[in-house]
Amino acid sequence: MMTGSSNLKPCRKRMKVKPIPEKTALPPGSMIGEMLAMQQISLSSFASALEITETDAEALLAGGLPLTEEIAGKLETLLDLPAHFWLGLEASYRPDLKK
């Protein structure tokens, strides 16, 4: 329990603060992968729902295949998040690759 005066004295030294690194966008596929795992949707079922090959589905999850409006619309149906959400993630991610 503290009483009237404190034994703490102000620090006169300046702390060195490291710069915060720029935020790095994650590929939309990382979030999609987490949602698939939570909902126990297999890669095969995912690819079928998106009407793409399993190879393309893997590439989408890894960030190698761009997420198109068509895919975003199918994700909206499959994962119950609006297409504009997925397109926004994609729009944040692609420019980050060029940095």
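Our subject in this report is the structure included herewith.

How each quantity is defined
- Residues numbered from 1 in each chain as written.
- Predicted model: local features only at pLDDT ≥ 70, side-chain atom pairs only at ≥ 80, totals over all residues.
- Heavy atoms only, no water.
- Helix = DSSP H or I, 4+ residues; strand = E, 2+ residues; numbered from the N terminus.
- Contact = heavy atoms within 4.5 Å.
- Areas by Shrake-Rupley, 256 points an atom, 1.4 Å probe, with all protein chains shown as cover.
- Axes fitted to C-alpha atoms, helices over the stretch in contact; angles between N-to-C directions.
- Parallel < 35°, antiparallel > 145°, perpendicular 65-115°, else oblique.
- Left-handed = near helix turned anticlockwise from the far one by under 90°.
- Nonpolar A, V, L, I, M, F, W, Y, C, P; charged D, E, K, R; others polar.
- Buried < 20%, exposed > 50% of the residue type's maximum accessible area, 1.4 Å probe, protein only.
- Arc of directions from axis to C-beta.
- Polar contact = N/O pair within 3.5 Å; in protein donor to acceptor, adjacent residues only side chain to side chain.
- Core = buried A, V, L, I, M, F, W, Y, C linked by side-chain atoms within 4.5 Å.

**Some points on the overall build of the protein chain**
Next up, step 1: Each helix and strand counted, the protein chain has five helices and zero strands in total.
Next up, step 2: Listed N to C, the secondary structure of the protein chain is α-α-α-α-α in terms of helices and strands.
Next up, step 3: Contacts in the protein chain between residues far apart in sequence, at least 24 positions, make up 57% of those at least 6 positions apart.
Next up, step 4: About 7,800 Å² of surface is accessible on the protein chain, with carbon and sulfur atoms providing 58% of the total.

**A few points about the packing of helix α2 (residues 43-50) against helix α4 (residues 69-79)**
Next up, step 1: One can describe the packing of α2 onto α4 by two numbers: an axis separation of 9 Å at closest approach and a directional angle of 120°. In terms of their interaxial angle, α2 and α4 are classed as oblique. Between α2 and α4 lies a crossing whose hand is right-handed. Seen from α2, the contacting residues are F46, A49 and L50; seen from α4, they are I71, K74, L75 and L78.
Next up, step 2: Broken down by class, the residue content of the contact of α2 with α4 amounts to six nonpolar, no polar and one charged.

**Observations concerning α4**
Next up, step 1: Burial in α4 covers these residues: I71, A72, K74, L75 and L79. On an axial view of α4, the arc spanned by its buried residues comes to 165°, and they lie on one face. Counted as exposed and oriented over 90 degrees from the buried face of α4: E69, E70 and T77.
Next up, step 2: Trailing α4 by a residue or two, D80 shows a phi angle of about 60°, which is positive.

**Quick look at the side chain of K74**
Next up, step 1: Mapped onto the elements of the fold, K74 is located in helix α4.
Next up, step 2: Within the local environment of K74, its side chain forms a polar contact with the side chain of E51, the two groups lying 3.0 Å apart.

**Some remarks on the nonpolar core**
Next up, step 1: I32, F46, L67, L75, L79 and W86 are the most contacted members of the largest nonpolar core, which has 15 residues in total.
Next up, step 2: Every element with two or more residues in this core is listed here: α1 (28-38), α2, α3 (54-62), α4 and α5 (83-97).
Next up, step 3: Per element, the largest residue contribution to this core is four residues, and it comes from α4.
Next up, step 4: Excluding its chain neighbours within four sequence positions, the residues that come into contact with L79 are I32, M35, L36, Q39, I41 and W86.

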